[in-house]
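One letter stands for each residue in the lines below.
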Amino acid sequence: MAEPRNILFIMFDQLRWDYLSCSGHPFLKTPHIDRLAGRGVRFTRAYIQSPLCGPSRMSTYTGRYVHSHGASFNNVPLKVGERTMGDHLRDLGMGCWLVGKTHMAADAEGMRRLGLEPDSVIGARVGECGFDVFERDDGMRPEGPDGFYDPRGALAYNDYLRGRGYEGDNPWHDHANSGIDEAGKVLSGWFLTNADRPANIREEDSETPYLTRRGMEFIESQGDRRWLCHLSYIKPHWPYIAPEPYASMYGPQDVLPPVRAQAERETDHPVFRGFQNAPVGRALSRDDVRDKVLRAYMGLIKQCDDQMGVLIDWLEKTGRMDETMIVVTSDHGDFMGDHWMGEKTFFHDASVKVPLIVYDPSPAADSTRGTTCDALVESIDLLPTFVEAAGGDPARLDHVLEGFSLLPVLRGGAAPARAAVFCEYDYAATTLAGTLGLGPAEARMFMVFDGRFKLIHFEGGFRPMLFDLDADPGELDDLGASPAHEAVRAALVDRLAAWARRPAARTTISSEALRAARGRSDRTGVLIGVVDAADVDPEVAAKYVGRKARDLRAGPKE
């Protein structure tokens, strides 16, 4: 059986599952992503593990739930010692490289404590989430009164822009993510009112084509070496502003109405109401603002799809398509005014359900090309899939990897036997936590979804929320206080509790080794509770039976 030689792992940032034509969007056509879906398997119920960039990505890169790896918010470091995608794949002879975004924060204190130098090979890998870095670009160089949000953000891209003639101390902002008026005034993309302006940049110099070229340059540089390339795009993440021709591609007639109900606006739930009343929720609940932003968002997605066409055509032309597994997904979605919210930090499908398309070049996958899989899958399933595709056995890593390999599905086998998917969000560092008077241990919430019912559990003493997605696919009717659904809520709370009791911290010894250890102490002379030598195998007791010794109860004689 021919196996994929390389893996191209593509992640878009903040791409909704339903803003592709292959998933049913009526106006936004994405023929190149659709083409990949026609050659692979599209998973229709893929869920992330946290509705925020950093923790979602750390789960994908480790194959572990947020509750396990602990990097629960943006810029919370992934602790030293967590095994990552690079660790697993390099053990199998495959390089693991980054081109683009990770949102990884290094555990500098842990590295200092262990004497790991940041500029050493191992130190650099630990500091970059296990990746070797071809180019890291988290696509974020905002600046405020306290300095830059990310001092390393967009450095190489800014150098590129300056070399192309884009002036200023931060061309990432002034050109790639802002418009300009007739007097030459920069119209910042941070202000949503400017979302209908074209970015002040040539399209080919904007972030998405730039990263596509960098990805191709990396692949060309590898020669005959086996690699995984994490091509991690920055868009369609905010700032919401697109270059021409994409800025003018969509009009009001292409904008779908928001999925929301007045009953949601009148909710009695303090946490849900708090997220609605955040500035981004209030802004995107305005139709005039949402109309501008959504048209820019659609333009950015269309540009992403066109760049997928450039990339796929190049892979085919260079003969690499037949030896490269390709995965396309996102780290989370974007509410875009649905449920009176913006951003992504809640558990409706607009945020936590993501596109997932996997193309496997192996002839063994021929029977599934162009199909869909409706099984519940999670982002943590990708790393076990990559391990198996690289020739490893993910079952031997089940003490570390908490997901399931999707390779059997790609090759006509059974889907993972998963009863539910889980997602979690730690909002202890947010303004809302302070407003609600919550301590860090209380500002947490969890989602469990069994394929029909979705329960949201809140720490801090708040009632749960519940949605029946069979009867209410828009998730508009909160059944969290419904007496008729008490048994459903109790069953899902039990399932969440069982999930929380899993042995996620036992990562230094495999399940296989634990099974092999059963009874091993007997074979090394540890006999607990044995009454008489006749009660055990003579071989086990041989070192203790028939031995002779002098009587020294009074002590040795001098």
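Everything here concerns the structure above.
The shown structure was predicted, so the numbers you read here are calculated from the model rather than taken from an experiment. All residue numbers refer to positions counted from 1 along the written sequence of the respective chain. Where totals are concerned, whole chains, interfaces and linings use all residues; where local detail is concerned, this predicted model gives features only for residues with pLDDT of at least 70, and gives and counts side-chain atom pairs only at 80 or more. Heavy atoms throughout the structure, all of them, feed into the side-chain values; hydrogens and water do not.

Asker: Just to check I follow, could you spell out the overall build of the chain for this structure?
Answerer: The helix and strand inventory of the chain stands at 21 helices and 19 strands. By its C-alpha atoms, the chain is 105 × 65 × 55 Å across when sized along the principal axes. Relative to its 558 residues, the chain shows a buried fraction of 55%. By the convention used here, residues are in contact when the closest approach between their heavy atoms is within 4.5 Å. The contacts in the chain between residues at least 6 apart in sequence include a share of 71% that link residues at least 24 apart. Total accessible area computed for the chain in this model is approximately 23,700 Å², and 53% of it derives from carbon and sulfur atoms. Positive residues here are Lys and Arg, negative ones are Asp and Glu, while His and the chain termini are left out of the count. Charge positions come from single atoms, namely NZ of Lys, CZ of Arg, CG of Asp or CD of Glu. Between the centroid of the 65 positive side chains of the chain and the centroid of its 82 negative side chains there is a distance of 5 Å. Only runs of H or I of at least four residues qualify as helices and only runs of E of at least two qualify as strands under DSSP, and these elements are numbered from the N terminus. Throughout, exposure labels follow a simple rule: accessible area from a 1.4 Å probe, protein chains only, divided by the maximum for the residue type, with under 20% read as buried, over 50% as exposed, and the rest as partly exposed. Residue burial considers only the protein chains on display, and all accessible areas are found by Shrake-Rupley using a 1.4 Å probe.

Asker: Help me out: how do you make sense of helix 7 (residues 155–163) in this one?
Answerer: Within an α-helix, residues lying three or four positions from one another point in the same direction, as the helix has 3.6 residues per turn. Those residues of helix 7 that sit buried are Tyr157, Asn158 and Leu161. In an axial view of helix 7, the angular spread of the buried residues amounts to 100°, which keeps them on one side of the axis. Across helix 7 from its buried face, at more than 90 degrees, point the exposed residues Asp159 and Gly163. Among the structural elements, strand 5 (132–136), helix 8 (171–176) and helix 9 (207–221) are those in contact with the buried residues of helix 7. Glycine 165 sits one or two residues past helix 7 and shows a positive phi near 100°. Directions drawn from the helix axis to the C-beta atoms are what define this arc.

Asker: Explain the pairing of strand 4 (residues 95–100) to me, please; I cannot follow it from the model alone.
Answerer: Side chains on a regular strand alternate between the two faces of the sheet. Here strand 4 lies mainly inside the structure; 5 of its 6 residues are buried. Note on pairing: two strands pair once DSSP finds at least 2 bridges between them. In this structure, strand 4 lies alongside strand 10 (residues 227–232), joined through 6 bridges in parallel fashion. Bridging across to strand 10, cysteine 96 finds its partner in leucine 228. As paired elements, strand 4 and strand 5 share 4 bridges and run parallel to each other. By the bridge assignment, tryptophan 97 is partnered in strand 5 with aspartate 132.

Asker: Just checking my understanding: could you explain the packing of helix 9 against helix 13 (residues 287–317) for this structure?
Answerer: The axes of two packed helices give the description: the angle between them and the distance between them. Here an axis means a line fitted to C-alpha atoms, over the contact stretch when the element is a helix, while the angle between two N-to-C directions is reported on a 0 to 180 degree scale. Running from N to C, helix 9 and helix 13 point in directions that differ by 20°, and their axes come no closer than 9 Å. Here helix 9 lies roughly parallel to helix 13, going by the angle between them. Where helix 9 crosses over helix 13, the two elements pack in a sense that is right-handed. Packed against helix 9, whose contacting residues are Thr208, Pro209, Thr212, Met216, Ile219 and Glu220, the element helix 13 presents Gln303, Cys304, Gln307, Val310, Leu311, Trp314 and Leu315 at the interface. Throughout this description, any angle smaller than 35 degrees is read as roughly parallel, any larger than 145 degrees as roughly antiparallel, any in the 65 to 115 degree range as roughly perpendicular, and the remainder as oblique. A clockwise turn of the near helix away from the far one marks a right-handed crossing, whereas an anticlockwise turn of less than a right angle marks a left-handed crossing.

Asker: Could you clarify how one ought to interpret the nonpolar core in this entry?
Answerer: Side chains of nonpolar character tend, in soluble globular proteins, to be buried together. Counting 69 residues, the largest nonpolar core has Phe43, Met85, Leu228, Phe346, Phe386 and Tyr427 as its most contacted members. Looking at this core element by element, the count peaks at 5 residues for helix 15 (residues 382–389). Formed by 55 residues, the second largest nonpolar core is a distinct cluster that contains Tyr166, Trp227, Ala296 and Ile312. Side-chain atoms within 4.5 Å link the members of a nonpolar core, which is a set of buried Ala, Val, Leu, Ile, Met, Phe, Trp, Tyr and Cys residues.

Asker: For this particular structure, what's the right way to read helix 1 (residues 31–39)?
Answerer: All of the buried residues in helix 1 are Ile33, Leu36 and Ala37. With its buried residues spanning 100° around the axis, helix 1 presents them on a single face.

Asker: What is the right way to look at the packing of aromatic side chains in this model?
Answerer: The way to describe two aromatic rings as a pair is by their centre distance and the angle between their planes. What counts as a ring pair is set by centres within 6.5 Å for rings of Phe, Tyr and Trp (its six-membered ring), and what kind of pair is set by the plane angle: stacked under 30 degrees, edge-to-face over 60, tilted for all other angles. Taken as a whole, this structure holds 26 aromatic pairs when the rule is applied. Ring geometry for phenylalanine 422 and tryptophan 499: centres 4.9 Å apart, planes at 10°, overall stacked. Of this pair, phenylalanine 422 sits in strand 16 (residues 421–426) while tryptophan 499 sits in helix 18 (residues 486–500), and the two are 77 residues apart along the sequence. Taken as a pair, phenylalanine 422 and tryptophan 499 share a single burial class, namely buried. Here the aromatic residues Phe73, Phe272, Phe275, Phe346, Phe347, Tyr425, Tyr427 and Phe458 are joined through ring pairs into a cluster of three or more. Any Lys NZ or Arg CZ found within 6 Å of a ring centre and within 35 degrees of that ring's normal is scored as a charge over the ring. The ring of tryptophan 499 carries the charged tip of arginine 502 above its face, separated from the ring centre by 4.3 Å.

Asker: Got a minute to help me understand the sheet that holds strand 16 in this structure?
Answerer: Sheet strands pair via backbone hydrogen bonds, and the direction of the pair is either parallel or antiparallel. An order of 16-17-18-19 is seen for the 4 strands of this open sheet, with the pairing classed as antiparallel. Each edge of the sheet is formed by a strand with only one pairing partner; in this case those strands are strand 16 and strand 19 (465–468). Geometrically, the sheet is characterised by an average inter-axis angle of 10° between neighbouring strands, direction not taken into account. Relative to strand 17 (residues 444–449), strand 16 runs antiparallel, the two being bridged by 6 bridges. Its bridge partner being in strand 17, aspartate 426 is matched across the sheet by arginine 444. The strands touched by helix 18 are strand 16, strand 17, strand 18 (453–458) and strand 19; relative to strand 18, the strand with the most contacts, the crossing angle is about 65°.

Asker: Would you mind showing me how to read the environment of glutamine 222 here?
Answerer: Tracing the backbone shows glutamine 222 in the loop between helix 9 and strand 10. Separated by 319 residues in the primary sequence, glutamine 222 and alanine 541 place their C-alpha atoms 59 Å from one another.

Asker: Can you help me understand the sheet that holds strand 15 (residues 377–378) in this one?
Answerer: Judged by pairing direction, the sheet is mixed, and its 3 strands sit side by side in the order 12-3-15 without closing on themselves. One side of each edge strand has no neighbouring strand; the edge strands of this open sheet are strand 12 (353–354) and strand 15. In the sheet, strand 3 (residues 46–47) pairs with strand 15 via 2 bridges, with the strands oriented parallel. Bridging from a neighbouring strand, tyrosine 47 pairs with glutamate 378 of strand 15.

Asker: Would you mind going over the environment of isoleucine 241 with me for this structure?
Answerer: Mapping isoleucine 241 onto the fold places it in the loop between strand 10 and helix 10 (262–265). For the pair isoleucine 241 and asparagine 200, spaced 41 residues apart in sequence, the C-alpha to C-alpha distance is 9.7 Å. If we ignore the near neighbours within four places in the chain, the residues touching isoleucine 241 are Ala176, Asn177, Ser178, Gly179, Gly189, Asn194, Arg197, Pro198, Ala199, Ala296 and Leu300.

Asker: Before we go on, may I ask you to explain the environment of alanine 504 in this structure?
Answerer: Relative to the assigned elements, alanine 504 resides in the loop between helix 18 and helix 19 (511–516). Among the residues examined, alanine 504 registers a relative accessible area of 12% and is labelled buried. In sequence terms alanine 504 and aspartate 138 are 366 residues apart; their C-alpha atoms lie 29 Å from each other. The residues touching alanine 504, leaving out its near neighbours within four places in the chain, are Arg64, Ser68 and Glu402.

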